[in-house]
Amino acid sequence: MAIKAADMLIARRADTRARADFATWKMLAKLNGASALPAEAQNFLLSYKQMLERMTDADASEATIQLMYKSYYAEMGGAGTAPEIPARSADSAADTGNVTAFRRLPAKPKVAASSGPTTKPPLPAALIFACLVVVYVGIRYYWR
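Residues numbered from 1 in each chain as written. Predicted model: local features only at pLDDT ≥ 70, side-chain atom pairs only at ≥ 80, totals over all residues. Heavy atoms only, no water.

**Concerning the side chain of Ser61**
When you line up the elements, Ser61 lands in helix H3 (residues 57–75). Residues in contact with Ser61, not counting those within four places in the same chain, are Phe22, Lys26 and Tyr48. (Helix = DSSP H or I, 4+ residues; strand = E, 2+ residues; numbered from the N terminus. Contact = heavy atoms within 4.5 Å.)

Here it is, written out as structure tokens:
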């Protein structure tokens, strides 16, 4: 059976949402905030805890995410059964080489206060304002 592009788009969105929601709910459960979650989230966390007794944390997490994904796929209007999306591995993100290490820029040398006649001292804003006032008063006085 061929999968339509729209269904694949729904599948990717459902998978992304399931992974994000599960990470959020799991963190809230660790912070003792699971009681504030909706009933659906509490049911998924309960099934996660039951799976955790039988398998490792990574496997239980992935199984719970797949359950959430299938639920979200149907909720978002996907046709038929949810298509299989390959499981994401943590190693694939590290192997791409797209990570840029941020480094501090080298410090610029400070300019000396008296570096010579080539540098002009900055004109203070108050002096500019005073000159504008003098020009304005002069023009007003001239036109009277």
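**A few points about helix H2 (residues 39–54)**
Under the 1.5 Å per step criterion, the end-to-end length of H2 is 23 Å for 16 residues, consistent within 8% with the ideal 22 Å. Taken residue by residue, H2 has Ala41, Phe44, Leu45, Ser47, Tyr48 and Met51 as its buried positions. Take H2 and look down its axis: the buried residues cluster within an arc of 160°, on one side only. Counted as exposed and oriented over 90 degrees from the buried face of H2: Ala39, Asn43 and Glu53. (Expected span 1.5 Å × (residues − 1). Buried < 20%, exposed > 50% of the residue type's maximum accessible area, 1.4 Å probe, protein only. Arc of directions from axis to C-beta.)

**Observations concerning the nonpolar core**
Membership of the largest hydrophobic core comes to 19 residues, with the highest contact counts inside it found for Ala18, Trp25, Met68, Tyr69 and Tyr72. Trp25 has contacts with Leu37, Ala41, Phe44, Leu45, Met68 and Tyr72, leaving out every residue within four places of it along the chain. (Core = buried A, V, L, I, M, F, W, Y, C linked by side-chain atoms within 4.5 Å.)

**As for the confidence of the model for the protein chain**
Of all residues in the protein chain, 76% attain a pLDDT of 70 or more, and the chain-wide mean is 78. Across the protein chain, element-level confidence peaks in helix H5 (residues 125–143) with a mean pLDDT of 91 and bottoms out in helix H4 (residues 90–95) with 51. (pLDDT = per-residue confidence, 0-100.)

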